[in-house]
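Fold and contact review
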Amino acid sequence: MKFLVFIEQREGKIRKASLEALSVARRLAGEPVAAVLAGRGVAALASGLGRYGAGVVHVADREELALYSNKGYVGALDAAAKKESPDAVLIAATAMGKDVAPRFAARNDVSVLADVMDLRVEEGRLVAWRPVYSGKARAEVDCGGAALQVATTRPNVFPAQAGDAPEPRIETLDLPAVAPRARVVKIETSESKELDVSEADIIVSGGRGIKGPENWPLIRDLQQALGAALGASRAVVDAGWIDHQHQVGQTGKVVSPTLYVACGISGAIQHLAGMGTSKVIVALNKDPEAPIFKVATYGIVGDIFQTVPEVAKAVRAAKAE
Ligand SMILES: Cc1cc2nc3c(=O)[nH]c(=O)nc-3n(C[C@H](O)[C@H](O)[C@H](O)COP(=O)(O)OP(=O)(O)OC[C@H]3O[C@@H](n4cnc5c(N)ncnc54)[C@H](O)[C@@H]3O)c2cc1C
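Residues numbered from 1 in each chain as written. Predicted model: local features only at pLDDT ≥ 70, side-chain atom pairs only at ≥ 80, totals over all residues. Heavy atoms only, no water.

Structural notes on the sheet that holds strand β8 (residues 118-122)
Here we have three strands laid out as an open sheet, ordered β8-β9-β10, and antiparallel in their pairing. Looking at strand neighbours, the two that pair on one side only are β8 and β10 (137-142), the edges of this open sheet. Taken pair by pair, the neighbouring strands of this sheet meet at an average axis angle of 25 degrees, ignoring direction. Examined bridge by bridge, β8 and strand β9 (residues 125-132) share five bridges and lie antiparallel to one another. Paired with Leu-119 across the bridge in β9 is Ala-128. (Pairing = 2+ DSSP bridges. Helix = DSSP H or I, 4+ residues; strand = E, 2+ residues; numbered from the N terminus. Axes fitted to C-alpha atoms, helices over the stretch in contact; angles between N-to-C directions.)

And the structure:
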């Protein structure tokens, strides 16, 4: 089966989620696959993709692609697809990927297997499963026999596997001039250089149980001990205790870290929708009936003002050994 993978870069850095998509494509194909990379000054990034499974990288390196535009980046993907005629296109289900995939699919009159958590190939078909109904059920899906199959892969679910591989062949994409109907005028990055929850391997989250924004240092201490990103429930975001970028859940970010630590979070279905697929879930809550304990791998019943510092202390002691 022939794969093409859309590689996302932001500010000259390849997103880890794209390396995960590339790795899974390489594994399913059983051989190096094709990739496409768009942006300005990005050609130098292409050679590093060989280790993750790219045999050829189609590069669209142009001034007008310096900032993301749907039309420009989908144009690059489309041009690479025309050259490669792939059976399947994989795109990481990041904010950009979720914008690129539907337009690319619509242009090609096919559907998208969105935000998948598992992928296999059966008789030339991509078969995936994806969470539905806020994570309450899993649906097994395929593209119904379409000649071009498109899937977006959930970040942090598939491992990014680097190996020894020759540098990929680099092909320059010749694109017609793009006249975008909408353009990004300005990007304002958040002032804090905090680790983004959607890509973090460990997340420590705080909910209404922290009582007030003055108590974030309690959670921050454990977050720092674990080298984690800081997450939050919607209740504390709505209360203005922390910025929305930290919100995990149905109307926040969907995360799949190796370790998710929920402190003073009840475990409402909308929160579980965002973190229920974490590999290990640790819940700290004073209410033994809190729904979060139903999905937790480990639970600590008690007042977080006592348990969280204890856990942080134990983590630091274990790391010091
Ligand atoms: C359309 C829609 C979308 C939504 N999207 C999201 C979303 O994306 N993300 C999200 O999180 N929510 C979302 N919600 C809100 C969700 O329903 C819950 O209201 C919210 O998750 C509750 O946040 P919480 O767990 O912090 O607060 P609470 O439900 O109030 O829970 C606080 C928990 O802290 C515990 N606690 C209190 N004090 C202590 C203490 N001292 N020690 C230990 N434990 C303590 C309590 O036992 C309780 O379990 C959404 C709701 C709707 C309707």
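After presenting the structure, the write-up continues.
What to know about the pattern of salt bridges
Applying the stated rule across the entire model yields 21 salt bridges. With a shortest N-O distance of 3.2 Å, Arg-15 and Glu-8 are connected by a salt bridge. Taking the relative accessible area as the measure of exposure, Arg-15 reaches 18% and is therefore buried. Each member of the salt-bridge network shares a partner with another, and the members are Arg-120, Glu-122, Arg-125, Glu-140 and Asp-142. (Salt bridge = Lys/Arg side-chain N within 4 Å of Asp/Glu carboxyl O. Buried < 20%, exposed > 50% of the residue type's maximum accessible area, 1.4 Å probe, protein only.)

A closer look at the site of the ligand
Around the ligand sit 26 residues, and of these Ser-233, Thr-251, Ser-266, Gln-270 and Asn-285 come closest. For the ligand, an oxygen atom lies 2.8 Å from a polar atom in the backbone of Arg-208. Ile-304 has a polar backbone atom sitting 2.8 Å from a nitrogen atom of the ligand. Elements represented by at least two residues in the shell around the ligand include exactly α5 (234-238), α6 (269-275) and α8 (304-320). (Near = heavy atom within 4 Å. Polar contact = N/O pair within 3.5 Å; in protein donor to acceptor, adjacent residues only side chain to side chain.)

Details of helix α4 (residues 216-226)
The complete set of buried residues in α4 reads Trp-216, Leu-218, Ile-219, Leu-222, Gln-223, Ala-225 and Leu-226. Contact partners of the buried residues in α4: β13 (202-206), β14 (229-232), α5, β15 (259-263) and α8. (Contact = heavy atoms within 4.5 Å.)

Re the side chain of Gln-149
Among the structural elements, Gln-149 can be located in strand β11 (residues 149-153). Accessibility expressed as a relative area gives 4% for Gln-149, which makes it buried. There is a polar contact of 2.7 Å between the side chain of Gln-149 and the backbone nitrogen of Leu-126. Those residues in contact with Gln-149 that sit more than four places away from it in its chain are Met-1, Asp-87, Ala-88, Val-89, Gly-124, Arg-125, Leu-126 and Cys-143.

With respect to the environment of Arg-181
Tracing the chain through its elements places Arg-181 in the loop between β12 (169-172) and β13. Its relative accessible area of 78% is what places Arg-181 among the exposed residues. Placed 111 residues apart in sequence, Arg-181 and Asn-70 show a C-alpha to C-alpha distance of 9.3 Å.

Digging into the packing of aromatic side chains
Per the counting criterion, the structure on display carries one aromatic pair. Residues Tyr-68 and Tyr-73 carry aromatic rings whose centres are separated by 5.0 Å and whose planes lie at 75 degrees to one another, so their mutual orientation is edge-to-face. Taking NZ or CZ as reference, Arg-138 lies 3.6 Å from the ring centre of Trp-129, over its face. (Phe/Tyr/Trp six-rings, centres within 6.5 Å; stacked < 30°, edge-to-face > 60°. Lys NZ or Arg CZ within 6 Å of the ring centre and 35° of its normal.)

With respect to the sheet that holds strand β17 (residues 298-301)
Pairing between the strands of a sheet comes from backbone hydrogen bonds, and it takes one of two forms, parallel or antiparallel. In space, the five strands of this open sheet follow the order β14-β13-β15-β16-β17, with parallel pairing throughout. Looking at the sheet topology across the chains shown, the edges are occupied by β14 and β17. On average, each strand axis in the sheet is inclined to that of its neighbour by 15 degrees, with strand direction left out of account. Here four bridges tie β13 to β14, and the two strands are oriented parallel to one another. Residue pairing across strands places Ile-203 opposite Ala-229, the latter belonging to β14. Along the sheet, α4 contacts β13, β14 and β15; its crossing angle with β13, the most-contacted strand, is approximately 170 degrees. Contacts from α8 reach β15, β16 (280-285) and β17 within the one sheet, and its direction differs from that of β16 by about 140 degrees.

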